[in-house]
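Structural features, examined
Now for the letters of each chain:
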Amino acid sequence: MAILTDVIVYLCSVLVLSLTGVSSQLDIQFDVQDVVALRKHSAYINCKVSGQDALTGNIIWLKNRKQLDNEDSNIETFANGTLYFAMARQKAAFSDSGLYQCCFRILNSSSQVCSQDVTFSIAKMPKLSKVRINLNYEAGQAVRLTCPTEAAVPRPIITWYRDKEEIIQDDRVVVLSSGVLHLLSLRLDDAGRYRCKASNIAGQRNGPIITLNVTSSTSLVRQPVIVSNPKDVRMVVGRDVELECMFEGPSNMIVTWTRRDGQKIRNPTYTGCRNLILQNVIQEDSGTYVCSAQVPGTSTVVSKHANVDIITLPLIKTWPVNASMKRWVTQRFHCLVQGDSSTTITWIKDGQILETQKSPESNDLVLYHLEFENAGIYQCLASNDAGSVQKSAQLVVIGDPKNRPTSPYQINTVSTSSTHIMVMWLDDPKDSIIATTIYIQQADGDEDSKRQEVVKKSEHTMLIDNLKPYTNYSIYMVAFTEQSASFTSDKSYVVTEEAVPSRYPDFQLQSSYPLNIDVSWKHLAKNQRNGIVTNYKIVYKSTATNEMKEIIVNGTQLSATITNLQPDTEYQIRMAAATKIGFGVFSDWIQCMTLDNLTAPPLSLKNPNFYNLTNTSVALKWETVGVGEIKGFELRVRMKNNEETLFRHELPPQTQEFVLNKLKPKTKYLIFLSVISGNLPGSETVIPVTTKDTSLTVTDDHCKLPWPRDIVVYIINYDSFEIRWKAPQTAFSVKKYRFRYRSVDFHDSFHFMEVNHSREEVDKATTITGLQPYTNYMISVQTVGACGESEYSAFLDIKTKEHKPQTPPADLRAKPIDAHSVEISWEPPQKPNGIITEYIILYNINNTSPEKLWDKQQRNGSETLSNVNNLLSNTEYFFRMKAKNQIGLSPATDMVSARTLTASDNEGLPNRLPGILLGVGISVFCIVACIISFILIKRNGNRQSVQNKPESTRRNVGNGETPVVATSGIARPTAAQTRPVANFNHLIMYQNKQRQFGNNAYYVPCHSNSAGGSGHDPDDEVPLSVRLLSGEFDHNPELMDEAQEEDPMLPNERTADTEIKDDLENNPIPLVADTMASIEGVQAEDSTARVQIEDSTERDQTEDSTARVQTVEESSFELQQTSKSRNVVEDQYSNEEIDTSV
C-alpha cells in the first residue's frame, strides 16, 4: 500500500542529436510523484514518459545519483517504467527512503535524461511527550497551546480535546493549520484538562495532558500585550499562507493587519479575528505584514511584523543547445537563470552531477579540451524552494581516434628572464600539423594563471612573456591536424628567473633608548618577493645633518636596532628588500624621535607584588619600565629580623614571574629585587612577604583562592603533554581548574581547558592534545571555586617532541645549467616539526616509475641550493624532494621537471683543451725519458764490453799474427793477464770517444804464449791517460804532469756524463737522433765482425787442437768473470797494443 502526496509533474524538453547525426527535437515528459509508504508494506513510484520519441529508449532508476542494484530482489522495474518495492524497508543500517530519479536512456547509447528528484519516504509517527503540564491564567488572558509533532511523516492532522471532548472552534477558540490552539479572552469555564491527538497513515499519538487553571481577573485596565509574534514565511506560488498574531488585552481591543509598503492586502481572510490567511498566493503578495493592537480611546499601539516571501520556479532564459565538436576544442553550454537568491544551478551529465567546471563568472558549463568521453546529454538544473526546472542538450564529439596525431615531444623549456620562458619542441614529420597549442599555468594550480598560446605549423619555438618572476610554471602542449588533436604532451616545469622585490617591507619604529631606534618588519608576500630575500637595507639620516647611513640585515631577520644615534633627535628611516638580483624599491621616509636623556626614565621595577601559593611557597610578579638594556634580575631573600641571606637568584632578562619555594609557614620575609643593567645591579626594591598560616581560615567575604600546587608538565608525544598538580590548600570550595596555554613560536591566542575538581584524587592529572610538534608552549593554571577564581599560576615553558615533517620542502625549482647538470633550489618546509638534518633529491627520466626506482642524492639540512650532475644531455628529468629530521621523512613534493641542454660538437672544448695538452705533454715526456734510458743502458753495456775485452782479440801487426776483429762481444784474457784498472770510467769514456769519431771496431793483437812477448812497446799504443790512471806513474810525478798536459782524453771538470746532460737539457732531439744513428752503426759493426770471424775461423781450421781447446777454456773463463764482477779487466796493459785504426 502506498500513499501518494504532493503530486508534481516535471516537464523536460530535450533537444538531442539522433543516432544518424541529424539534429531533431526529442520531446520527453516525465510525470513523477513524491511517495510516502508504510514500513513493511509494498509501494511503488510511477514514472510516465510521454512524447513523440518516447519509444526510442528505455527507463532506468537512480537512487541518490547512483543506478539501482539489479541484484536487489526487493526492487523491480516494470515494463512501463514503474519502480516497485515488494516491501518498504526502514532499518538502522539500510533504508529504501531517499531521492530517486527516473531516467530515459536513449537507445543504443549511454546518454540519458533524468527527471527531477522524487522523494520516497517511510511514514512514521513518533511518540509524543507524556510530561504533564500545569498552567495558571487569569480570566481575560490568552493562552497558546502546541502539539509537538515535528518529526511525524507525513504532516499529521491535529485534533484538540478538553476533558476528553473534542473542542468546537469559534472566534475565541481557534485551531490553526499548524495545529496550534488559541484560547482568547479566557473565561472561568475554560479551565480543564487539554490534550492533542496527532494522526497520519503511520498511526496516531496522544500528546501530553495540559491542566489549565483559570482564576478571576484582578486587573481592571490592561494595555495590549503580545503573546505570540508572527513568523517569517517562505511559500510557493499557489499555496496558502497563515500568519499568526496573538494579543491579550481589554475586550474592546482592536487588532488590525496592514502592509508596511502601504499596499492593500489582496483578498484577506481571518481566523479568530486575529490571524491573517492569504489564499492562493502570487508573487505580488510578497512583502512585510504588520499586526497592530490598540485600545480605543488610547494612543498606545503595539505592533509586530513578519516577512512573507512568495517564491516561484526559476526561469531559464538562455538554455544550452546541441553541439557537434571536434576533439580538444572548448565547448561552452549557456544557462542563464532568473530566480531568487536561493536559486542554485547544477549541471548534470547523463544523470550524474558534475562537481566542477562551472564558469566562475557565470553559470555556464565550460568543457576544456574535449575528448570522446565528454559526449553525452548535459542538463542545466535550476532549483529553489519552489521546485526545479531544467534544460538539456546533447554533445557529440566527432573524429576518428585512429587519425590522432602524435603528441609534441622533446619539449625543452628554458627561463630566459624573470618574465620570459622559451619553449622548444618537435613534431612527428608524418603528421600534417596545422597548429600547436601551448598551455601554461602556475604549478600551484592557480586557475587565474591559465593561458594558452597558439603556434603556427611551421614553428617549433615559442617565447612566452608576461610571466611572474620566480614562479614555477607547468607547460604542456597539444598538436592539431585537420581531422583530430593529439593527446596532451608530458608536462614540463620551469621556474622563471628571480627579480628584485616589487615592494618594500612594512616596518615599525620605536625608540626605547636615547641612542637607539628599534626597527621591526614583516615578511614580504610571496608575490612581492620575486625570489629569495637575501638582505634588507635600512637607510637612516638625521633631519639636522641630512647625512645618510645604512645597515644591511640578513634576509632571515625581522628586526634590527640602529645604534650610536643622538638623543632627542629626529631621524628619517626607509627600507628596501633584496634578492640575489639586487634591491627593490625603497619605502617612503618615516620619522622617529629618539628619547631624551633627561626625560627618559631609568630602568626600574613597576608594581612588584606577591601571592601566597601555599604556606611554604610564594609567587612574585613584576614589570620593568624605563630606558636601558636589561641583562637580568637579581633576587635575594632573608627573614625580616635576620640579615643573613637565605636565597640568591640571578634571573634571565625576560623573567617577570618567579616562584619561591621551601619557605617556612607563618614567617615574615624580605625579598630584594633589582634590575641588572650594565655590569652591576641597580637599586633594590624591597617586597615584604608573609607566608600563610595553615591553621588560619578565611571568611567568604575575603575569598582569595590560591592556584594549584606542585604543577609539573610532562612531554608525552609530539602533539600532547600531561599536566600534574595538587589541589590548593584552601578553606574554600574548589569546583574546577582552568588551564590556559598558547604557542610561543606562533604567537597565537590562548587556548583554554577546564577540568573538574575531585576530592577523592590527591594528585590531579590531565592531558592536553592537539598541539603542534616541536613547538614551545607556555601554560598556567587557575583555581575556580564557589566564591571566585584565583590568579593564574606562573607560566611553565615546555616544548613538544619532534615529529616527521608535515609538509614537503617548499617552492621546489629545477633549472638546467648545461648538458649534464641541473640546478635545484628549494625552501625549507613550512612545518618542519623539528630540525631538518637532510634533504633527499629524487630524480628520474620516467615520472611514472615507482619511487624505489628513482635515483637519490642527499644534501645537508642547511642547504637550499644544489646541483645534480652527471645527467644525460637533452633529456627531461623529473625531480621530487623530501625533507628529513631525526624522526622521519616528509611527504614528497610535487614533481618539477627540467630538460638538460643539448650538447653541441664544440661543446666543452675549452674545458677539455687543458687536459688534451697535459696528456700530449706527458706522452712526449715519457717518449723522451724512454729514449734517454735506452741510451744510458746501451752505453753502460758498451762500457762493460770494452772493460772485459781479452788480449787475444787484439791484432799484433809486428809479429805477423792473423788479425781478429773484436765486436761488442767480450774476449777473455788469461788469469795471468788480468788485473784491476784504477779508473774504469775513464777507459770507457775513451772508448766511447773513439766510437764518436767513427771507429767501427777495435784491432787488438793476439797475445803470444811465449815468455818473451811480442816485442811491442805498449807506450806507443796505450794513451798516457790510461797509463796514468792505471797507476803506472804513481811514483813519478814528472811523468804524471806530462801525461796530463799531453793526453786530451784525460778527464777534466766537465766529464762525459756532464756533457750528455747538457746536451739533453739544451736540445734533446739531435742527441737522440745521433744516438740512434750510433746504435745502428754499432749493429752494422757487429754484423760485419761476425762475418770476419766466420772467415777467420775457416782459415784457422788447420791450427793445433790444443789452441782450440785453449780458446774454449778462455771463453768459459770469460763468462765466469762477467758474472762475478764488471770491475775485473786486463792487468798487463803495458804488454798490449790497442789499435784504433779500422
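Everything discussed here concerns the structure shown above.
Bear in mind the structure is a predicted one, so any value in this text is a computation, not a measurement. (Residues numbered from 1 in each chain as written. Predicted model: local features only at pLDDT ≥ 70, side-chain atom pairs only at ≥ 80, totals over all residues. Heavy atoms only, no water.)

**Here we look at the pattern of salt bridges**
- What the rule picks out here adds up to 31 salt bridges.
- One salt bridge connects Asp72 with Arg89, and the closest N-O pair in it is separated by 2.9 Å. Of the two residues, Asp72 is situated in the loop between strand E6 (66-67) and strand E7 (75-77) and Arg89 in the loop between strand E8 (83-85) and strand E9 (98-106); the sequence distance between them amounts to 17 residues.
- A salt bridge links Arg636 to Glu684, with the nearest nitrogen and oxygen atoms 3.0 Å apart. Residue Arg636 is located in strand E55 (residues 632-639), and its partner Glu684 is located in the loop between strand E58 (668-676) and strand E59 (685-690); the two are separated by 48 residues in the primary sequence.
- Judged by relative accessible area, Arg636 falls into the buried class, the value being 15%.
- If you follow the salt bridges from partner to partner, you end up with Arg234, Asp309, Asp340 and Asp385 in one network. (Salt bridge = Lys/Arg side-chain N within 4 Å of Asp/Glu carboxyl O. Helix = DSSP H or I, 4+ residues; strand = E, 2+ residues; numbered from the N terminus. Buried < 20%, exposed > 50% of the residue type's maximum accessible area, 1.4 Å probe, protein only.)

**What to know about the pairing of strand E28 (residues 287-294)**
- Extensive coverage of E28 is indicated by the burial of 6 of its 8 residues.
- As judged from the 6 bridges shared by strand E25 (residues 254-259) and E28, these two strands associate in the antiparallel manner. The residue bridging Thr258 from the neighbouring strand is Val290, located in E28.
- In this sheet, strand E29 (residues 301-311) lies alongside E28 in antiparallel orientation, the contact comprising 8 bridges. Its bridge partner lying in E29, Val290 is registered against His305. (Pairing = 2+ DSSP bridges.)

**Some points on the packing of aromatic side chains**
- Under the definition given, this model contains 16 aromatic pairs.
- A centroid spacing of 5.2 Å and a plane angle of 35° characterise the contact between Phe333 and Tyr378, whose relative ring orientation is tilted. Note that Phe333 is positioned in strand E32 (residues 331-333) and Tyr378 in strand E37 (residues 376-384), a separation of 45 residues in sequence.
- Look at Tyr378 and you get buried, because its relative accessible area is 1%.
- Every member of this aromatic cluster is reached through a ring pair, and the members are Phe85, Tyr100 and Phe120.
- Residue placement shows Lys391 over the ring face of Trp319; its charged tip is 5.0 Å from the ring centre.
- In this structure, Arg636 packs its charged tip against the face of Phe672, placed 4.5 Å from the ring centre. (Phe/Tyr/Trp six-rings, centres within 6.5 Å; stacked < 30°, edge-to-face > 60°. Lys NZ or Arg CZ within 6 Å of the ring centre and 35° of its normal.)

**Topic: the state of the cysteines**
- The final tally for this structure, using the stated rule, is 5 disulfides.
- Put simply, Cys47 and Cys102 are joined by a disulfide, and their sulfur atoms are 1.8 Å apart. Disulfide Cys47-Cys102: torsion about the S-S bond near -80°, hence left-handed. On the criterion of sequence distance, the pair formed by Cys47 in strand E4 (residues 47-50) and Cys102 in strand E9 is long-range, its members being 55 residues apart.
- Disulfide pairing is shown between Cys147 and Cys196; the S-S distance is 2.1 Å. Here the disulfide of Cys147 and Cys196 is right-handed, its torsion about the S-S bond being about 70°. Separated by 49 residues along the polypeptide, Cys147 in the loop between strand E13 (143-145) and strand E14 (157-162) and Cys196 in strand E18 (residues 192-200) bring together distant segments of the chain. (Disulfide = S-S within 2.5 Å.)

**Points about the environment of Arg195**
- Along the chain, the position of Arg195 falls in strand E18.
- For the pair Arg195 and Thr159, spaced 36 residues apart in sequence, the C-alpha separation works out to 8.6 Å.
- With sequence-adjacent residues up to four places away left out, Arg195 is seen in contact with Lys130, Thr159, Trp160, Tyr161, Asn206, Gly207, Pro208 and Ile209.
- Only 2.6 Å separates the side chain of Arg195 from the backbone oxygen of Gly207, close enough to count as a polar contact. (Contact = heavy atoms within 4.5 Å. Polar contact = N/O pair within 3.5 Å; in protein donor to acceptor, adjacent residues only side chain to side chain.)

**Thoughts on the environment of Ala37**
- Positionally, Ala37 belongs in strand E2 (residues 23-37).
- With 48 residues separating them in the primary sequence, Ala37 and Phe85 have C-alpha atoms 9.8 Å apart.

**Some details on the sheet that holds strand E50 (residues 559-562)**
- What the 3 strands build is an open sheet, ordered E46-E47-E50; its pairing is antiparallel. Whereas interior strands pair on both sides, the edge strands pair on one side only; in this sheet they are strand E46 (507-513) and E50. Across the sheet, the mean angle from the axis of one strand to that of its neighbour is 25°, orientation sign disregarded.
- Sheet topology places E46 next to strand E47 (residues 516-521); 5 bridges connect them, and they run antiparallel. If you follow Leu509 over to E47, its bridge partner there is Val519. (Axes fitted to C-alpha atoms, helices over the stretch in contact; angles between N-to-C directions.)

**Let's talk about the pairing of E55**
- The buried count for E55 comes to 7 of 8 residues, which makes it a mostly enclosed element.
- In this sheet, E58 lies alongside E55 in antiparallel orientation, the contact comprising 8 bridges. Within the sheet, the bridge partner assigned to Val637 lies in E58 and is Ile671.
- The pairing of E55 with strand E56 (residues 645-651) spans 6 bridges and is classified as antiparallel. Directly across from Arg636, in E56, lies its bridge partner Arg648.
- The antiparallel hairpin formed by E55 and E56 contains 5 residues in its connecting segment.

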